[in-house]
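Examination of the molecular architecture
Each chain, written out:
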Amino acid sequence: MQKNKFPKIHIGMRIWKTFIAALICAITGMIFNAEPFYSMIAAILCMQVSVSESIKKGVTRLVGTLIGGVFAVFILLLIDFTPLEPFSWLYYIIISFCVVPLIYTNVVLGQEASSYITCVVFLSIVLSHLGEGNHYLFALSRMLETAFGIVVAIAVNKLIKNNKTEGN
């Protein structure tokens, strides 16, 4: 009977750089008493094989985050200044409809690759944390934390070189 063995796979620099970027985001979150969730996700998703690929992925993520965040703030204003009840049938119809202008905005801006993150950011803001504290502050924090994670990923990728992507 053959025992299961783990394959001998080299843990490469991209994995280590991803770890370092996530750790920097976590430590920064602890220092500033902030949740590092969104910055860590952004850092992990933006760590690519080369600096140029990390920048490209970071721009895509940042554009999507900004568009989704701005649209979410409009919905938050609608909640605060109209009788619209969060999590009502009408609310779900409105936020579902918002997917159309969200994706369309990305297409018009030539940022089709940002469409998915635009919708994810929008939904994360309008569907979570509405009853907790200042939801405008949450929206702003969500955008800033994501931007921070992107910057950390790019900086780590640029500062820690590996032989395969040294020139990028």
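As a reminder, the structure under discussion sits directly above these lines.
First things first, this report covers the structure right here in the doc. Keep in mind the model is a prediction, meaning the values are calculated, not measured.

1. A closer look at the nonpolar core
Counting residues in hydrophobic clusters, the biggest one holds 20 residues, and the most contacted among them are Ile75, Tyr91, Phe122, Ile125 and Val126. Only helix 3 (51–81), helix 4 (89–97), helix 6 (115–127) and helix 7 (135–159) provide two or more residues apiece to this core. Considering each element in turn, this core owes the most residues, 6 residues, to helix 6. Look past the residues within four positions of Ile75 in its chain and what remains in contact with it is Tyr91, Ile94, Ile95, Cys98, Phe122 and Val126. Counting 10 residues, the second-largest nonpolar core is a separate cluster that includes Ala42, Met47, Ile150 and Ala153.

2. Some points on the packing of aromatic side chains
Scanning all chains against the criterion turns up 6 aromatic pairs. Between Phe37 and Tyr38, the aromatic rings sit 5.0 Å apart at their centres with planes inclined by 80 degrees, giving edge-to-face as the arrangement. Taking relative accessible area as the criterion, Tyr38 reaches 13% and is therefore assigned buried. Ring centres of Phe87 and Tyr91 lie 5.7 Å apart, and the angle between their planes is 70 degrees; this geometry places the pair in the edge-to-face category. Using a relative accessible area of 40% as the deciding quantity, one classes Phe87 as partly exposed. Taken together, the ring pairs connect Phe37, Tyr38 and Phe138 into an aromatic cluster.

3. A closer look at the environment of Asn106
Secondary-structure assignment places Asn106 in helix 5 (residues 99–108). In this structure Asn106 comes out as buried when scored by relative accessible area, which is 0%. Once the C-alpha coordinates of Asn106 and Thr118 are considered, the two residues, 12 residues apart in sequence, prove to be 8.2 Å apart. Among residues more than four places away in sequence, those in contact with Asn106 are Val63, Ile67, Gln111, Glu112, Ser114, Ser115 and Thr118.

4. Describing the pattern of salt bridges
Taken as a whole and assessed by the stated rule, the structure comprises 1 salt bridge. Residues Lys56 and Glu53 are paired through a salt bridge, measuring 3.2 Å at the closest nitrogen-oxygen approach. Here Lys56 and its partner Glu53 are both found in helix 3, 3 residues apart, which amounts to about one turn of the helix.

5. What to know about the side chain of Thr118
Among the secondary structure elements, Thr118 is positioned in helix 6. According to the relative accessible area criterion, Thr118 is buried, its value standing at 0%. With sequence-adjacent residues up to four places away left out, Thr118 is seen in contact with Gly64, Ile67, Gly68, Leu102 and Asn106.

6. Describing the packing of helix 4 against helix 5
Close contact between helix 4 and helix 5 brings their axes to 4 Å; oriented N to C, the two are set at 15 degrees. Here helix 5 runs roughly parallel to helix 4, going by the angle between their axes. Contact residues: Ile95, Ser96 and Phe97 in helix 4; Val99, Val100 and Pro101 in helix 5. By residue class, the composition of the contact of helix 4 with helix 5 is 5 nonpolar, 1 polar and no charged.

7. Comments concerning the environment of Lys5
Turning to its location among the elements, Lys5 is positioned in the segment before helix 1 (13–31). In the structure, Lys5 is positioned 44 residues away from Val49 in sequence and 28 Å away in space, judged by C-alpha atoms.

Thresholds applied
Going along each chain's sequence as written, the residues are numbered from 1 onward. Note on the predicted model: pLDDT of at least 70 is required for a residue's local features to be given, and 80 or more for side-chain atom pairs to be given and counted; whole-chain, interface and lining totals, by contrast, use all residues. To get the side-chain values, take all heavy atoms of the structure and skip hydrogens and water. The set of buried Ala, Val, Leu, Ile, Met, Phe, Trp, Tyr and Cys residues whose side-chain atoms join them within 4.5 Å is what this entry labels a nonpolar core. Using a 1.4 Å probe on the protein chains alone, a residue whose accessible area is under 20% of its type maximum counts as buried, one over 50% counts as exposed, and one in between counts as partly exposed. Runs of H or I in DSSP of at least four residues are treated as helices and runs of E of at least two as strands, each being numbered from the N terminus. Whether two residues touch is decided by their heavy atoms; if any such pair falls within 4.5 Å, the residues are in contact. Within 6.5 Å between ring centres, the rings of Phe, Tyr and Trp (the latter by its six-membered ring) count as paired, and their orientation is classed by plane angle as stacked under 30 degrees, edge-to-face over 60, tilted in between. Throughout this description, the term salt bridge denotes a Lys or Arg side-chain nitrogen within 4 Å of a carboxyl oxygen of Asp or Glu. Between N-to-C directions, angles span 0 to 180 degrees; the directions come from axes that are lines fitted to C-alpha atoms, helices contributing only their stretch in contact. What sets the label is the angle itself: under 35 degrees gives roughly parallel, over 145 gives roughly antiparallel, 65 to 115 gives roughly perpendicular, and the rest give oblique. Each residue gets one of three labels, nonpolar for Ala, Val, Leu, Ile, Met, Phe, Trp, Tyr, Cys and Pro, charged for Asp, Glu, Lys and Arg, and polar for the others, Gly among them.

Shape is all these values report; function is a separate question.
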